[in-house]
Amino acid sequence: MRLREAFVLTLLAALAAAPLAALAEGPPAPLSLDEAVEIIEEIGGPVRYPNANSILAFDHTYVSFDESGAYREYGHTLTKILTEEGVDDHGDESIIYHRRYSSIDVQLARVIKSDGTEIVVGEDLITDGTPPQISAMNIFEADFRERTIVFPGLEIGDAIELLIVSEYEPLIDNGFNGIYFLQYTSPILESVLTIEGPEDMPLKHVVKDGDPEFTETTSGGRRSYTWRSADVVQIEREPAMPSPAQFAARVVVSTMHTWPEMSRYLFNLTDEKCVAEDSVKDLVLELTDGLEAQEDKIRAIHYWITENVRYLGVSMDRGAFLEPHFAAYTLEKEYGICRDKAVLMVTMLEEIGVPAWVVAINPSRMTDTEVPTVFWEHGIVAIEGADGDYRYIDPTLETSREVTANYAGDRWVIVLTEEGADLREVAHTPASANAGEIADVTELVGDGSISGSVTITGRGMYEEILRTIAKSAKEEQLRMMWEEAVQDIYPGAAMTSFDITDYEDLHQPLKISLAYEIDDYALDADPYVLFRVPASTGAFDFLSEIMVGRLTGLEEREHPVALGTTLGLTEESVVSLPDGFVVENLPDNVSFSEGVISLTIDYEFVPADENGGDAIIRYRREFGIDHFQISPEDYLSLKEAMRLAGRSTRGEVILKREEG
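All of the points below concern the structure found in this document. Values in this document were obtained by computation on a predicted structure and should not be read as measured data. (Residues numbered from 1 in each chain as written. Predicted model: local features only at pLDDT ≥ 70, side-chain atom pairs only at ≥ 80, totals over all residues. Heavy atoms only, no water.)

## Details of empty space enclosed by the protein
- All chains considered together, the criterion is met by seven cavities of 30 Å³ or more.
- In this model, the second largest cavity occupies a volume close to 50 Å³.
- Around the second largest cavity sit Ile179, Val252, Trp259, Asn362, Arg365, Thr367, Asp368, Thr373, Phe375 and Trp376, which together line it.
- Its residues assigned to classes, the lining of the second largest cavity comprises five nonpolar, three polar and two charged. (1 Å grid on protein atoms, 1.4 Å probe; cavity = no way out; pocket = protein on both sides within 12 Å on 5 of 7 lines; lining within 4 Å. Points joined across faces, edges and corners; volume = space filled by probe spheres on them. Nonpolar A, V, L, I, M, F, W, Y, C, P; charged D, E, K, R; others polar.)

Below, the structure written as structure tokens:
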């Protein structure tokens, strides 16, 4: 699932440039060696900072922008290394930039040794290359570059001083946007951010997750804003947490003061590209020929784009950040990134009389809503829904059978319109819309053996994950995966058949079917027979183990779990019992609901009916995570749900032979 692309590149650039430099009074200058050594000695070490791998003595950033929105940024940092991991983390520093719209000047890079000597980084240790994280997103643009600075001879107790000057063309015409971070994964003794610009272009600004000292001054037609923090604690990393960009202390600034301004600006960049040339018109006619229902036409267009337009970015212009290509260009090339695919879909939908709009969304993090910025990760499509609200479609989800983007619920979006639209929150998508469905029919026979057949299907993101796994694995690997699942029920269990429908056919639900047999499954403790309902082991729901079971290892969390989507499961099993037994005991039922976490487990005994039907045990489990992030409070609820599920799973059905 590739949800990041062009919009995220602006955020990456801001993150990369953040630990750069300048004093509040103006652009900075390098320290003298004596000054640097004195500061390093005063910092202290592991005793003072037992959990840190490095510590920033200072992190100073100075930004100056002009009427066009172009700006110069100075970054000055002094970092002391405390551990071997710190040596690994800071052995080199990289900055991503686009060389047609920005430049990077390394004015000073040096290692200050613990004995007071220095090693100045030479030009041979400052290189340019292709950013691997950009290529990993299938974006191949020669002008996206990564400036890498290697610090030679770096050891524990040393420090690195870095002074960089960067110049940027405006991301938006005659305006300035920025997200600047005052907090990182290392402690900071002093963090200072100064931004200055024309007095008649005042900044709207907000501080998130921090409380720095703030001053504002004007002089000579320029206005200056300064934020200053001291003794900033480090961000502790946790498994599966969102990007630190979501909760680090940060300053968000913009010369645009309302979201409708931003909506109109971005609309003007996209609307002129939504041109239905003959190639687009002809394709729409071909795809919708013979279709009567509007929904069928929408689905045909959506499927064609997801199946035929590869996710790939090359030869980008100023649109490297915001501006898409023409719809016909993307159609001709049969590749594009999110904004290109969105423009193509909007253009094709309008050809069948469906009004549509490009939408900006952040799939991986919460959105800062207070200040309008261009820092959006992803572009999708909105059409009018049946309830009068928007319905959201993501043409980059290549393995999704659903037309509606079920991951979008509860996220903030901005719809790009000619009039300008405000931010809006997408309606909640319940866990049941992204849920797996597992059905197991099992027979226990008198000799203690058991046999069963299982079907696994899913809705929304659950099914998409199943399709993605099927697409990436070979048939033999899939079979082995499910054989291992069956063997998790009981040693010696054998999978006797396996089948999966065509994962590439988005018109049909994906279904996995398998059968299994287990000899000597039930324990004979005459007059009792003990066994676990096979489905209750969770063996058939490996996604819960992957996405949930491995996330609950911490006692508590400081940061959320970035699940990315709501997620649910309904699992049902019917176990036929042999004649001559009555149920002596069933495992405990569970009913738990707290915050966004819910879990119910029910066991029921149904006696044989008068028509000769077998006595059965019915088992049903319903589980849900009803938000795309699990807060630290809900994490504790998740752990409790897993504890209750584990206790129920360990419980056994106890049968007793009837006398006579």
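Read on, since the account is not over.
## Some thoughts on the layout of surface pockets
- In this structure, the second largest pocket encloses a volume near 610 Å³.
- In terms of lining residues, the second largest pocket is bounded by 26 residues, among which Thr537, Gly538, Asp541, Ser544 and Glu545 are the most central.
- Going through the elements one at a time, α11 (475-489), α12 (542-547), β35 (616-625) and α13 (632-650) are the ones with two or more residues in the lining of the second largest pocket.
- If one sorts the elements of the lining of the second largest pocket by residue count, α11 sits on top with six residues. (Helix = DSSP H or I, 4+ residues; strand = E, 2+ residues; numbered from the N terminus.)

## Comments concerning the side chain of Asp394
- Checked against the element boundaries, Asp394 lands in the loop between β21 (390-393) and β22 (412-415).
- Of the side chains bearing the opposite charge, Lys341 lies closest to the buried Asp394, which forms no salt bridge; the N-O distance is 7.3 Å.
- A polar contact of 2.7 Å, which involves the side chain of Asp394, links it to the side chain of Tyr407. (Buried < 20%, exposed > 50% of the residue type's maximum accessible area, 1.4 Å probe, protein only. Lys, Arg positive; Asp, Glu negative; His and termini not counted. Salt bridge = Lys/Arg side-chain N within 4 Å of Asp/Glu carboxyl O. Polar contact = N/O pair within 3.5 Å; in protein donor to acceptor, adjacent residues only side chain to side chain.)

## Some points on the sheet that holds strand β15 (residues 250-254)
- On the basis of which strands lie adjacent, the open sheet formed by three strands has the order β10-β15-β12 and antiparallel pairing. Each edge of the sheet is formed by a strand with only one pairing partner; in this case those strands are β10 (177-181) and β12 (204-208). For this sheet, the mean inter-axis angle between neighbouring strands, taken without regard to orientation, is 10°.
- Bridge analysis of β12 against β15 gives five bridges, and the strand direction is antiparallel. The residue bridging Val206 from the neighbouring strand is Val252, located in β15. (Pairing = 2+ DSSP bridges. Axes fitted to C-alpha atoms, helices over the stretch in contact; angles between N-to-C directions.)

## Here's the deal with the environment of Ala494
- Tracing the backbone shows Ala494 in strand β26 (residues 494-500).
- Measuring from C-alpha to C-alpha, the distance between Ala494 and Leu510 comes to 23 Å, with 16 residues separating the pair along the chain.
- Dropping the residues within four chain positions of it, Ala494 is found in contact with Val486, Ala515, Tyr516 and Glu517. (Contact = heavy atoms within 4.5 Å.)

## Let's talk about the environment of Thr369
- Examined against the element boundaries, Thr369 turns out to sit in the loop between β19 (356-361) and β20 (378-384).
- Given the relative accessible area of 27%, Thr369 is considered partly exposed.
- In this structure, the C-alpha to C-alpha distance between Thr369 and Val206, residues 163 residues apart in sequence, is 9.9 Å.
- The residues touching Thr369, leaving out its near neighbours within four places in the chain, are Trp259, Trp412 and Leu423.

## Things to note about the nonpolar core
- In this structure, Trp482, Leu514, Phe531 and Phe540 are the most contacted members of the largest nonpolar core, which totals 62 residues.
- Setting aside anything within four residues of it in sequence, one finds Trp482 in contact with Ile456, Met495, Phe498, Ile512, Leu514, Phe540 and Phe542.
- Of all hydrophobic cores here, the second largest spans 59 residues; its members include Ala248, Val284, Ile305 and Phe375. (Core = buried A, V, L, I, M, F, W, Y, C linked by side-chain atoms within 4.5 Å.)

## What to know about helix α10 (residues 460-472)
- Between the first and last C-alpha of α10 there are 19 Å, a value that for 13 residues agrees with the 18 Å anticipated at 1.5 Å per step.
- Those residues of α10 not exposed but buried are Gly460, Met461, Tyr462, Glu463, Glu464, Leu466, Arg467, Ile469 and Ala470. (Expected span 1.5 Å × (residues − 1).)

## Section: a negative patch on the surface
- Side chains of Asp34, Glu35, Glu38, Glu41 and Glu42 sit close together on the surface and give a patch of like negative charge.
- By the element assignment, Glu42 lies in helix α2 (residues 33-43). (Patch = residues over 30% accessible without salt bridge, like charges linked within 9 Å, V, L, I, M, F, W, Y side chains within 5 Å. Areas by Shrake-Rupley, 256 points an atom, 1.4 Å probe, with all protein chains shown as cover. Charge placed at Lys NZ, Arg CZ, Asp CG, Glu CD.)

## A few points about the sheet that holds β22
- The strand order β21-β20-β19-β22-β23 describes an open sheet built from five strands, whose pairing is antiparallel. Strand pairing shows two members of the sheet lacking a second neighbour, β21 and β23 (424-425), which therefore form its edges.
- Looking at chain direction, β19 and β22 are connected through three bridges and run antiparallel. By the bridge assignment for β22, Ile361 is matched with Val413.

Functional significance is not addressed by these values, which are geometric in nature.
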